[in-house]
Amino acid sequence: MNIEKVMVIGAGQMGSGIAQVCAQAGFTVILNDVKDEFFERGLATITKNLARDVEKGRKSEDEKAQILARITKSTSIDDARDADIVIEAAVENMEIKQSIFKQLDAIAPAHTILATNTSSLPITEIAAVTSRPEKVIGMHFMNPVPVMKLVEVIRGLATADEVYEAVAEMTKHLGKTGVEVNDFPGFISNRILLPMINEAIYALYEGVATKEAIDDVMKMGMNHPMGPLTLADFIGLDTCLSIMEILHEGLGDSKYRPCPLLRKYVAAGWLGKKSGRGFYVYES
């Protein structure tokens, strides 16, 4: 399977990052979103990232221009007819993802691989709405995509070996390390990370220690780059809650029950850094 042209669906933080690393690796990239303004915002993020690389001497102006020239705008999902692989990076919602994959299945050529950047939703369930479940796979990039080296490459129940191998080879070509994962709720990264964050929230909820103390223990005692409550604010408390609910429902174990304090903060609109307030307060 020869991958040359990549379509990325969703020009947000994850999608723009995926488009950037694909263009940097020499792939032709179609960056798709529903509105021009979303594409322009994503392209501005990519341009800013590349400009920073130029300032720091990691790239030349010519290299920056070449990378940007490999990215074309799309506001129509019909552009999938030209892609060898489509990487979906839309909102983390099963109905939305299944709707996108149904459309892609009808539009994309038979050889096209359909990948999702989901961080926790079942690949098999997404694949089931297509007529090519063997060509559906998960590519869970870490955030921020241009910096983080890991990609979870997730096999659905029907994913073909040659599809996995093509995506693993592409991942290597992007300068990333691909880790093979089977399709279970939360995969590896979020199955381990989110229960740790949830337990930190329980410790705060039960009055074991202050938020600062909890974060300091994990930073200075466990050598984590940031504490779990700060990390939760950066991920988004609504996203944390959604993933915990997927783990709780999918694995059926009470140890994955979301902390009531997490539910309360989300209900209050305290979603973390993006809303200006979560466990900490952020200036706009």
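Just so it is clear, the model here is predicted, and its values are computed rather than measured.

Draft legend 1. Focus on the UniProt feature "domain: 3-hydroxyacyl-CoA dehydrogenase C-terminal" (unreviewed entry) in the protein. Per the UniProt record, "domain: 3-hydroxyacyl-CoA dehydrogenase C-terminal" (unreviewed entry) is found at residues 186-282. Note that residues 186-282 is 61% helix and 0% strand, and that its end C-alpha atoms are spaced 28 Å apart.

Draft legend 2. Highlighting the packing of aromatic side chains. Going through the model one piece at a time under the given rule, you end up with four aromatic pairs. On the numbers, 6.3 Å between centres and 65 degrees between planes, the contact of tyrosine 202 with tyrosine 205 is edge-to-face. Highlighted residues: tyrosine 202 and tyrosine 205, both in helix H7 (residues 189-205), separated by three residues, approximately one helical turn. Residue tyrosine 202 is classed as buried on the basis of its relative accessible area, which comes to 11%. Among the residues examined, tyrosine 205 registers a relative accessible area of 43% and is labelled partly exposed. Centroid distance phenylalanine 234 to tyrosine 282: 6.4 Å. Interplanar angle 90 degrees. Geometry classified as edge-to-face. Separated by 48 residues along the polypeptide, phenylalanine 234 in helix H9 (residues 228-235) and tyrosine 282 in the segment after helix H11 (260-267) bring together distant segments of the chain. Taken together through their ring pairs, the aromatic side chains of Tyr265, Trp270 and Phe279 make up a single cluster. In this arrangement the basic side chain of lysine 211 is found over the ring face of tyrosine 280, its NZ or CZ atom lying 5.6 Å from the centre.

Draft legend 3. Geometry of the pattern of salt bridges. Throughout the structure, instances matching the rule amount to 14 salt bridges. A salt bridge links aspartate 238 to lysine 274; the nearest nitrogen and oxygen atoms lie 2.8 Å apart. Taken as a pair, aspartate 238 in helix H10 (residues 237-251) and lysine 274 in the segment after H11 lie far apart in primary sequence, 36 residues in all. The network of salt bridges with shared partners includes Asp53, Arg58 and Lys59.

Draft legend 4. Quick peek at helix H6 (residues 161-173). Given a rise of 1.5 Å per residue, 13 residues ought to cover 18 Å, and the 18 Å separating the end C-alpha atoms of H6 matches this to within 8%. Looking only at H6, the buried set comprises Val163, Tyr164, Ala166, Val167, Met170 and Thr171. Along H6, the residues classed as buried sweep out an arc of 165 degrees about the axis, all on the same side. Positive backbone phi, approximately 80 degrees, marks glycine 175, located one or two places after H6.

Draft legend 5. Representation of the sheet that holds strand E6 (residues 136-141). Spatial strand order, E3-E2-E1-E4-E5-E6-E7-E8: eight strands in an open sheet with mixed pairing. Edge positions in the sheet fall to strand E3 (71-74) and strand E8 (177-182), since each of these pairs with one other strand and no more. Taken over all neighbouring pairs, the strand axes of this sheet differ in orientation by 25 degrees on average, direction set aside. Two strands pair when backbone bridges link them, and strand E1 (residues 5-9) and strand E2 (residues 28-32) are joined in this way by five bridges, in the parallel orientation. Considered in E2, the bridge of isoleucine 9 is made with asparagine 32.

Draft legend 6. Geometry of the pairing of strand E7 (residues 150-155). In terms of burial, E7 is a largely internal element, five of the six residues being buried. As paired elements, E6 and E7 share five bridges and run antiparallel to each other. Bridge pairing links isoleucine 137 to arginine 155 in E7. Both E7 and E8 contribute to a ladder of six bridges, which runs parallel. Counterpart to valine 153 in the pairing with E8 is glutamate 180.

Draft legend 7. Structural view of unusual backbone geometry. The residue after asparagine 143, namely proline 144, is reached through a cis peptide bond having omega 0 degrees. Note on placement: proline 144 falls in the loop between E6 and E7. The backbone of phenylalanine 187 shows a phi angle near 55 degrees, a positive value even though the residue is not glycine. With respect to the helices and strands, the residue phenylalanine 187 is situated in the loop between E8 and H7. Phenylalanine 187 gets classed as buried once you look at its relative accessible area, which sits at 4%. Of note, the phi angle at asparagine 223 is positive, near 65 degrees, even though the residue is not glycine. The residue asparagine 223 is located in the loop between helix H8 (211-221) and H9 in this model.

What counts, and at which threshold
- Residues numbered from 1 in each chain as written.
- Predicted model: local features only at pLDDT ≥ 70, side-chain atom pairs only at ≥ 80, totals over all residues.
- Heavy atoms only, no water.
- UniProt positions renumbered as here; feature names shortened; annotations may be inferred.
- Helix = DSSP H or I, 4+ residues; strand = E, 2+ residues; numbered from the N terminus.
- Phe/Tyr/Trp six-rings, centres within 6.5 Å; stacked < 30°, edge-to-face > 60°.
- Buried < 20%, exposed > 50% of the residue type's maximum accessible area, 1.4 Å probe, protein only.
- Lys NZ or Arg CZ within 6 Å of the ring centre and 35° of its normal.
- Salt bridge = Lys/Arg side-chain N within 4 Å of Asp/Glu carboxyl O.
- Expected span 1.5 Å × (residues − 1).
- Arc of directions from axis to C-beta.
- Pairing = 2+ DSSP bridges.
- Axes fitted to C-alpha atoms, helices over the stretch in contact; angles between N-to-C directions.

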